[in-house]
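Geometric and topological summary
Chain by chain, the residues:
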Amino acid sequence: MTPPNPFPGWYSETLPSGNIRHIVRMKGKKSKKITVPVGPDHPDFLEHYRAARVGEKWEGAPVAIQAPRESLDWLRDKYLAHLTRMVDGSNASPATLKQRRSLLTRLCDEMDDDGDRYGDLHLDLPTHALVRVRNARAATPAEADNMMKAAKAMYKFAIEIGAAETNPAEGVGKIHKSKGGTKPWTADDMRQFAETHRPGSMAFLWLTLAMFTGARIGDLCVLGREHEVTRNGIVRLEWQPGKKGSAAVSLPILPPLLRTIRAMPVIGPAYLLSERGKPFKNVETLRTRVRRWCDDAGLPERSSHGVRKGMATMLGMATMLAEGGVNDQQIGAVLAHTQPSTTRIYTQKAQRGMLSEQALATIADIEWG
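Reference entry: report on the structure contained in this document.

**Quick word on unusual backbone geometry**
Of note, the phi angle at Ser90 is positive, near 60°, even though the residue is not glycine. Along the polypeptide, Ser90 turns up in the loop between α2 (72–88) and α3 (94–108). Phi at Asn232 is positive, roughly 55°, even though this residue is not glycine. By the element assignment, Asn232 lies in the loop between β4 (228–231) and β5 (234–239).

The following block contains the structure:
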């Protein structure tokens, strides 16, 4: 004999994912049903139940709902917890954690052809299920590829912990076609910027610091006098870049940069300061400010990364480096690259230009026409 329901109006149902949904009918109006987040075994159930019986929802403390074991939600949660610990140990970037949390949550919220949410399904997804997600984002191919990159990392973790045997994201190709990326700065761009933002301004200091260090904008946020060291009478900047895997940097502060730093009327813990004389709160705040400085100078398509790229592709300052006989290894040391192949991507264009000039010089004296 079935025991009587101890909570009139309450019942539960099992979803295709294996999750259990708890439902309470309003007293006196059975057609109105309210879903409650917990069952009778939870200490807050009575509060939710009583509120639902009068047609309301109890706004108590948020309830953490445990994802079913081996569901995609479960794998995402375990992977993000692992990545959080990596960040805490300075072995991963907070920006990577933030991006992957967003991308993997959107992946889990995707609906399949049967109307089931991906996160509720078993983590053993076939490759074509991920291809479907990628293709649905063809209008934003960079986002699609980043989502697949995050999925690939998550499944690699799943294999390591024994939750999966294969990585379905391995077989998903990229669809983003590069259009050249960030536009590199030229020497003319730098002069145009300096005509608007004169020496003594924070904008001029930013460009000079970026030009003579090649630092990423995240490092420009924090570089300051604490990073200055004097060796053999030469003032140098030495720091460990924030990007994971980057090599430590040690650069002489060349006279143009040193003059610019010392000419600033306000001194703080970082070289670059806001109008209030304090370091920028985060990289996005500085990025927004740089965007404004570039727009004011009539350079709407330039950015901080473009200054670094301009050095690496031998435009602006880096042109002088490469044409002066500096090799890939030396340029890589300036830019904190650990792999020569990374530097060669940027320097190949300049080196090909020099090779073509040398080749043409061999036939310059041929009589023609």
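Additional details are given in the paragraphs that follow.
**Re the sheet that holds strand β1 (residues 10–14)**
Hydrogen bonds along the backbone pair up the strands of a sheet, which may run parallel or antiparallel. Strand order across the open sheet formed by 3 strands is β1-β2-β3, with antiparallel pairing between neighbours. Both outer strands of the open sheet, β1 and β3 (29–36), are each paired with one neighbouring strand and no more. Here the average twist between neighbouring strands, direction ignored, is 35°. Pairing between strand β2 (residues 20–26) and β3: 5 bridges, direction antiparallel. If you follow Met26 over to β3, its bridge partner there is Lys29. Running over the sheet, helix α1 (residues 45–53) touches β1, β2 and β3 and is turned about 40° from β2.

**Considerations on the side chain of Arg53**
By the element assignment, Arg53 lies in helix α1. Comment: no salt bridge for buried Arg53; closest opposite-charge side chain is Glu56, at 13 Å. At 3.0 Å, the side chain of Arg53 and the backbone oxygen of Arg25 are in polar contact. Apart from the residues lying within four places of it in its own chain, the contact partners of Arg53 are Pro8, Gly9, Val24, Arg25, Met26 and Lys27.

**Focus: the nonpolar core**
Of all hydrophobic cores here, the largest spans 36 residues; its most connected members are Trp185, Phe193, Trp206, Leu220 and Leu272. For this core, the secondary structure elements donating two or more residues are α6 (187–196), α7 (202–213), α8 (217–220), β5, β6 (249–252), α9 (255–262) and α10 (283–296). Ranked by residues supplied to this core, first place goes to α7 with 9 residues. With residues near it in sequence (within four places) discarded, Leu272 still touches Met202, Leu205, Trp206, Leu209, Leu220, Lys278, Pro279, Phe280 and Leu286. Listed in part, the 32 residues of the second largest apolar core include Ala67, Trp74, Leu75 and Leu130.

**A closer look at α7**
In this model α7 runs 16 Å from its N-terminal to its C-terminal C-alpha over 12 residues, within 8% of the 16 Å that 1.5 Å per residue would give. Most of α7 is tucked away, with 12 of its 12 residues classed as buried. Those residues of α7 lying buried are Met202, Ala203, Phe204, Leu205, Trp206, Leu207, Thr208, Leu209, Ala210, Met211, Phe212 and Thr213. Count one or two residues on from α7 and you reach Gly214, which has phi positive near 65°.

Rules of the game
- Residues numbered from 1 in each chain as written.
- Predicted model: local features only at pLDDT ≥ 70, side-chain atom pairs only at ≥ 80, totals over all residues.
- Heavy atoms only, no water.
- Helix = DSSP H or I, 4+ residues; strand = E, 2+ residues; numbered from the N terminus.
- Pairing = 2+ DSSP bridges.
- Axes fitted to C-alpha atoms, helices over the stretch in contact; angles between N-to-C directions.
- Contact = heavy atoms within 4.5 Å.
- Buried < 20%, exposed > 50% of the residue type's maximum accessible area, 1.4 Å probe, protein only.
- Lys, Arg positive; Asp, Glu negative; His and termini not counted.
- Salt bridge = Lys/Arg side-chain N within 4 Å of Asp/Glu carboxyl O.
- Polar contact = N/O pair within 3.5 Å; in protein donor to acceptor, adjacent residues only side chain to side chain.
- Core = buried A, V, L, I, M, F, W, Y, C linked by side-chain atoms within 4.5 Å.
- Expected span 1.5 Å × (residues − 1).

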